[in-house]
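Notes for the structure review
The lines below spell out each chain.
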Amino acid sequence: MSGQAAALELTSLSRSYGDRRAVDDLSFSVWPGEVVGFLGPNGAGKTTTIRMCLHLVKPTAGEVRVFGQDVWGQGSPSLRRVGCLIESPATLPFLSGRDNLEFLRLARGGIGRGAVGRTLATVGLSDRAGDRVATYSLGMRQRLGLGLALLADPDLLILDEPATGLDPAGIVEMRDLLRRLAAEGRAVLISSHVLREVEETCDRVVIINRGRLVRQGTVHELVAGTGLFAVRVADPAGALATIRGQDWGGAARLRDGVVVTRSRTGRGGDLADFLSRAGHPPEMLVEDRQELEDVFLELTHEEGVQR
Amino acid sequence: MSFGHASLVRAELFRIARQRSNWLLPLVPLAGLVILVALTATSYGLTSTTGKTVLSLARDLTDTASLVLAMTLGAPLLLIAARAAAHDHHYGTVRLLVGGGAGRGRLVAAKLAAAGAIALAALAVGMACAAAAVALGSPSLAGRMTSLPQTYWHELLLDVFSVAVSLGCCVILGTFTSTVSRSLAAGLTAAMVWLPAEQALTGVLAFLAGTAHADVFTTATGLLLAPNLDHLMQALQPWRATVEFGARPVGPGPLPAGPVGAEQCLIVISAWASGFLLASLVSALGRVDVSE
């Protein structure tokens, strides 16, 4: 990715409200062609961060660059390449879905008339395009909000909780759409609490807690890099006691009758040998692949902050 | 994809035009014109020109029509301007627009320009309708309009200018209240209450000036926006004794401070308008944290 500007680059971004630091020294990038999940518990600072990226909340310190341009230092022309959906969809309820898109088309300028029809088809609202938004369901409003974000054919999409209110089919459609957009070379940043969707949709994940970065990496790195093994043995309690007696096994634990532990050498074969010699031959031994949800909960419950 | 000024104004006009409740607003000036026709017919149409010169009749009718236009167009314009300025914050579309690269100052300027364009169009249509209403109510006068002296046409221009100033102030006031409050309800309420509240205050100050015999109250009255707007038409035509609405003097009467010159009227009105504009821009540009 060298030589190419990041679609979105945050450098030491901070925002304080009085004594409280909502966002604290946050740095990460989103590159063209990737979908990045932006995760954190409620109040972690996700929406404040997104608002700072979109010239809606002024940072106390740090920098936001969109395609190389400083959003706060050089005005906001680079934001014209951005489509956004922040929290609830920003729609005018007294207008129809089509007129909402038409309003934004006129405001932005330079977008062909055909874009409105194409966007309605993309988000599956063609049939109800002429109805007032006040009559739309939550999911339909969400689709329209997504349509408003997509209308200008943006190079960077920033979506805050885009799956809210969508039915399962809608969620699958959105996942496919985002993957397609990334495949076309666009960058996508999604903030979401639906971790299963993030795991299936995103290439990389950025996790923050209390305004600070706690982990970032590819989804594969996050879920597979635990170094733990799940071992099924005839006497789990006995095996657990044996392992805990070792200097490397203090963190071993039982989970649903299975012993979850590290290996002294990091290799599963060595762990199997050790247990066999100790009289607990494994009936099953697999690398303990965590769900993203486990990683998320573990990281956001920790007090410490890693880089 | 530039979010240029013209694009934003076009979008604002589109939004205003597509809001169905706005379609009812022309009923207000329409009702005013119906009253104008009735006034014209009962005051002048039936009695023809008895006891009055053609110039005097034309002046009376023009003044009346101007006042009807200023009042009946002003209120809907206040509503339109206040709503246009408040909608983005009320419905959150400001996130979409600012987050997509439209500047806050540009948004305010676009709303002002859109409401201003509507005001100009409304004034033009209103004048044409008022002329038609006068012709309908007093055909005897309509037939002799071409014989009116140059003075009348000059006064007509001053009347139109006064109405335009009044409508412009309504647009700026509506934009100001909503931009500063960032609330549809508060912005609309403040916009609709502002001028009547000043009228009421004028009455109170006049009462205090009369009872306390203190100049400060009369001076204060001359600094308010509403009485100056009411008085502008008269102040611009000092060669006339009174500008009349039907058979009555305009507005709440002469300002307590006595006859106020056009220059002072225009300065006070300009100061208010500039203050409103400045506060709107400072509010839009200065309060960068958009929490809506």
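Since this is a predicted model, take the numbers as computed values, not measurements.

Residue and element names in this part refer to chain A. Taking 1.5 Å per residue, 16 residues should reach 22 Å; helix α5 (residues 168–183) reaches 23 Å between its end C-alpha atoms and fits that length. Residues of α5 that are buried: G170, I171, M174, R175, L177, L178, L181 and A182. Down the axis of α5, the buried side of the element spans an arc of 165°, and every buried residue falls inside it. Facing away from the buried surface of α5 by more than 90 degrees, the exposed residues are P168 and A183. Where α5 is buried, its residues contact β3 (35–39), α3 (114–122), α4 (138–150), β7 (156–160), β8 (187–191) and α6 (195–201). Two residues or fewer past α5, G185 is found with a positive phi of approximately 100°.

Residues and elements named next belong to chain A. Overall, mixed pairing links the 6 strands, which are arranged β6-β7-β8-β3-β9-β10 in an open sheet. At either end of the open sheet lies a strand with only one pairing partner, and these are β6 (82–85) and β10 (212–218). Across the sheet, the mean angle from the axis of one strand to that of its neighbour is 15°, orientation sign disregarded. Strands in contact with α4 are β6 and β7; relative to β6, the strand with the most contacts, it is inclined by about 165°.

Residues and elements named next belong to chain A. In terms of strand pairing, strand β11 (residues 229–232) meets strand β13 (residues 258–261) through 3 bridges, oriented antiparallel. Paired with A230 across the strands is V260, a residue of β13. Here β11 pairs with strand β14 (residues 284–287) via 4 bridges, running antiparallel. For A230, the partnering residue across the bridge sits in β14 and is V286.

All names here are of chain A. Taken in spatial order, the 4 strands of this open sheet run β12-β13-β11-β14, and their pairing is antiparallel. With one partner strand each, in any of the chains shown, β12 (253–255) and β14 form the two edges of the open sheet. Each adjacent strand pair in this sheet contributes to an overall mean axis angle of 30°, direction not counted. Of the strands in this sheet, β12 and β13 touch helix α8 (residues 236–244), which is tilted by about 15° from β13. Together, β11, β13 and β14 form the strand contacts of helix α9 (residues 268–277), whose direction differs from that of β11 by roughly 30°.

If you look at the biggest cluster of nonpolar residues, it comprises 98 residues, and the most contacted ones within it are A:L8, A:L26, A:L54, A:L156 and A:I158. Leaving out residues up to four positions away in the same chain, A:L54 has contacts with A:L79, A:V82, A:C84, A:I86, A:I158, B:V98 and B:G99. Within the second largest apolar cluster, 55 residues are counted, among which are B:L61, B:A70, B:A86 and B:V163.

Between chain B and chain A, the residue contacts involve 32 residues of the former and 36 residues of the latter. When chain B packs against chain A, the two sides together hide about 3,000 Å² of surface, and 61% of this comes from carbon and sulfur. Across the contact surface, chain B and chain A share 1 salt bridge. Linking A:D99 and B:R18 is a salt bridge whose minimum nitrogen-to-oxygen distance equals 2.8 Å.

Turning our attention to the side chain of B:T179. Following the sequence through the fold, B:T179 ends up in helix α7 (residues 150–181). Taking the relative accessible area as the measure of exposure, B:T179 reaches 7% and is therefore buried.

Within the secondary structure, B:P238 sits in the loop between α10 (225–235) and β1 (244–245). Along the backbone, B:P238 and B:L39 are 199 residues apart, and their C-alpha atoms lie at a distance of 25 Å.

To continue, consider a nonpolar patch on the surface. A surface patch of nonpolar side chains, amounting to about 310 Å² of accessible area, comprises B:L24, B:L27 and B:L30. Position of B:L27 among the secondary structure elements: in helix α2 (residues 27–45).

Residue and element names in this part refer to chain B. Direction vectors running N to C along α7 and helix α11 (residues 262–286) enclose 30°, while the axes themselves pass 9 Å from each other. In terms of axis orientation, α7 runs roughly parallel to α11. As α7 packs across α11, the resulting crossing turns out to be left-handed. In this structure, α7 contributes F161, V165, C169, I172, L173, T175, F176, T179 and V180 to the contact, and α11 contributes L266, I269, A273, F276, L277, A279, S280, S283 and A284. For the contact of α7 with α11, the per-class residue count stands at 14 nonpolar, 4 polar and no charged.

A few words now on the confidence of the model for chain B. Close inspection of predicted coordinates is inappropriate in any region flagged by low pLDDT. Residue and element names in this part refer to chain B. Averaged over chain B, the pLDDT score is 83; the fraction of residues at 70 or greater is 87%. No element of chain B has a lower mean pLDDT than strand β2 (residues 248–249), which averages 40, and none a higher one than helix α1 (residues 5–18), which averages 94. A low-confidence stretch, residues 244–259 (pLDDT under 50), is modelled with 28 contacts involving residues beyond four sequence positions or located in other chains. Quick note on the complex model: pTM equals 0.80, ipTM equals 0.82.

Residues and elements named next belong to chain A. Residue-level pLDDT values for chain A average 88, and 95% of them are 70 or greater. Between the elements of chain A, mean pLDDT differs from a low of 76, seen in helix α10 (residues 292–301), to a high of 95, seen in β8. The low-confidence segment residues 303–307, where pLDDT is below 50, has 10 contacts with residues more than four positions distant or belonging to other chains.

Below, the discussion takes up the pattern of salt bridges. Residue and element names in this part refer to chain A. If you walk through the whole model with that rule in mind, you get 22 salt bridges over all chains. Here E200 ties to R196 by a salt bridge, and the two come within 3.7 Å at their closest N and O atoms. With E200 and R196 both in helix α6 and 4 residues apart, this pair spans about one turn of that helix. Given a relative accessible area of 37%, E200 falls into the partly exposed group. Salt bridges sharing partners connect three or more residues here, namely R175, R196, E197 and E200.

Below, the discussion takes up the packing of α10(B) against α11(B). Residues and elements named next belong to chain B. Relative orientation of the contacting elements α10 and α11 amounts to 140°, with a least axis distance of 9 Å. One way to sum up the angle between α10 and α11 is to call them oblique. For α10 against α11, the interelement crossing comes out left-handed. Touching L225, N228, L229, H231, L232 and A235 of α10 are A262, C265, L266, V268, I269, W272 and F276, all from α11. Classifying every residue of the contact of α10 with α11 gives 11 nonpolar, 2 polar and no charged.

Criteria and cut-off values
Residues numbered from 1 in each chain as written. Chains lettered and ligands numbered in written order. Predicted model: local features only at pLDDT ≥ 70, side-chain atom pairs only at ≥ 80, totals over all residues. Heavy atoms only, no water. Helix = DSSP H or I, 4+ residues; strand = E, 2+ residues; numbered from the N terminus. Expected span 1.5 Å × (residues − 1). Buried < 20%, exposed > 50% of the residue type's maximum accessible area, 1.4 Å probe, protein only. Arc of directions from axis to C-beta. Contact = heavy atoms within 4.5 Å. Pairing = 2+ DSSP bridges. Axes fitted to C-alpha atoms, helices over the stretch in contact; angles between N-to-C directions. Core = buried A, V, L, I, M, F, W, Y, C linked by side-chain atoms within 4.5 Å. Buried area = accessible area lost by both parts, 1.4 Å probe. Salt bridge = Lys/Arg side-chain N within 4 Å of Asp/Glu carboxyl O. Patch = residues over 30% accessible without salt bridge, like charges linked within 9 Å, V, L, I, M, F, W, Y side chains within 5 Å. Areas by Shrake-Rupley, 256 points an atom, 1.4 Å probe, with all protein chains shown as cover. Parallel < 35°, antiparallel > 145°, perpendicular 65-115°, else oblique. Left-handed = near helix turned anticlockwise from the far one by under 90°. Nonpolar A, V, L, I, M, F, W, Y, C, P; charged D, E, K, R; others polar. pLDDT = per-residue confidence, 0-100.

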